[in-house]
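# Structure at a glance
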Amino acid sequence: LGLVLQEISSVLDKKVFKFRENARCKFLNDENKIIGNELELKSFRELANKILNKSNDDQVYNETENEYVFYLCKTFLETHEKCDKANKINSLYAMSRSLIISMPLCLSAYYRYNIKSFSFSRQDLVVTFIMAMLTVIFYKRAKRFAAYRVRVILRQYKILNEKN
């Protein structure tokens, strides 16, 4: 069941939510919601310009360039076996993403097996409210962890790259 939920949530993420895609394809742009600190954004842009062989005044990046920089940093960390923190964040992200799907499924199962007529009791309303709130909480967590993972990968790459 867990595997099925994980696969369904993975497909929905790629087609509907696009948490990961939005995080890794827009982090260098002005309107990004990944890197809020202007100095850090400037530092990552300088790093990206170095990777992309662009001039430092060029601060317009398309999705392909964003993704290339992200994957280069990620691959560097993987080859140097420094991806533990990013992997933990990725696990939390995947769990939250799967729970976004499981909460509505649990709610529908609850209604299927516990409600005999169309009248709702106080308990039914409480269960509905709790499940809806949990779905929203896991949605926000998944979105936050997708963005956090990008920041962690870039920061670790930058630190390791400066040491070498």
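One can find the structure itself at the top, above this paragraph.
Notes on the structure in this doc start here. Numbering of residues starts from 1 in every chain and runs along the sequence as written. At least 70 in pLDDT is required for a residue's local features to be given in this predicted model, at least 80 for side-chain atom pairs to be given and counted, and no such filter applies to totals for whole chains, interfaces and linings, which use all residues. Hydrogen atoms and water are omitted, and side-chain values are computed over all heavy atoms in the structure.

### A short note on the side chain of S9
Within the secondary structure, S9 is located in helix 1 (residues 2-17). Residue contacts for S9: discarding those within four places in its chain leaves R97, S98 and I101. Numbering of helices and strands starts at the N terminus; helices are DSSP runs of H or I of at least 4 residues and strands are runs of E of at least 2. Residues are treated as being in contact if the distance between any of their heavy atoms lies within 4.5 Å.

### A closer look at the pattern of salt bridges
By convention in these notes, a salt bridge is any Lys or Arg side-chain nitrogen within 4 Å of a carboxyl oxygen on Asp or Glu. A full pass over the atoms with the stated rule returns seven salt bridges. The partner of E40 in a salt bridge is R155, and the shortest N-O contact between them spans 2.5 Å. Of this pair, E40 sits in helix 3 (residues 38-52) while R155 sits in helix 6 (residues 122-163), and the two are 115 residues apart along the sequence. Close ionic contact of K54 with E65 constitutes a salt bridge, the shortest N to O distance being 3.2 Å. Residue K54 is found in the loop between helix 3 and helix 4 (63-79), and its partner E65 is found in helix 4; the two are separated by eleven residues along the sequence. Using a 1.4 Å probe on the protein chains alone, a residue whose accessible area is under 20% of its type maximum counts as buried, one over 50% counts as exposed, and one in between counts as partly exposed. What makes K54 buried here is its relative accessible area of 19%.

### Remarks on the nonpolar core
Judged by nonpolar contacts, the single largest core of 40 residues is most densely connected at F27, V69 and L154. Breaking this core down by element, the ones donating at least two residues are helix 2 (19-26), helix 3, helix 4, helix 5 (84-114) and helix 6. Considering each element in turn, this core owes the most residues, 13 residues, to helix 6. Once you skip the residues sitting within four places of it in the chain, L154 turns out to touch F27, I35, F44, V69 and C73. We define the nonpolar core as a collection of buried residues of types Ala, Val, Leu, Ile, Met, Phe, Trp, Tyr and Cys that are connected through side-chain atoms lying within 4.5 Å of one another.

The analysis is restricted to geometry; functional conclusions fall outside its scope.
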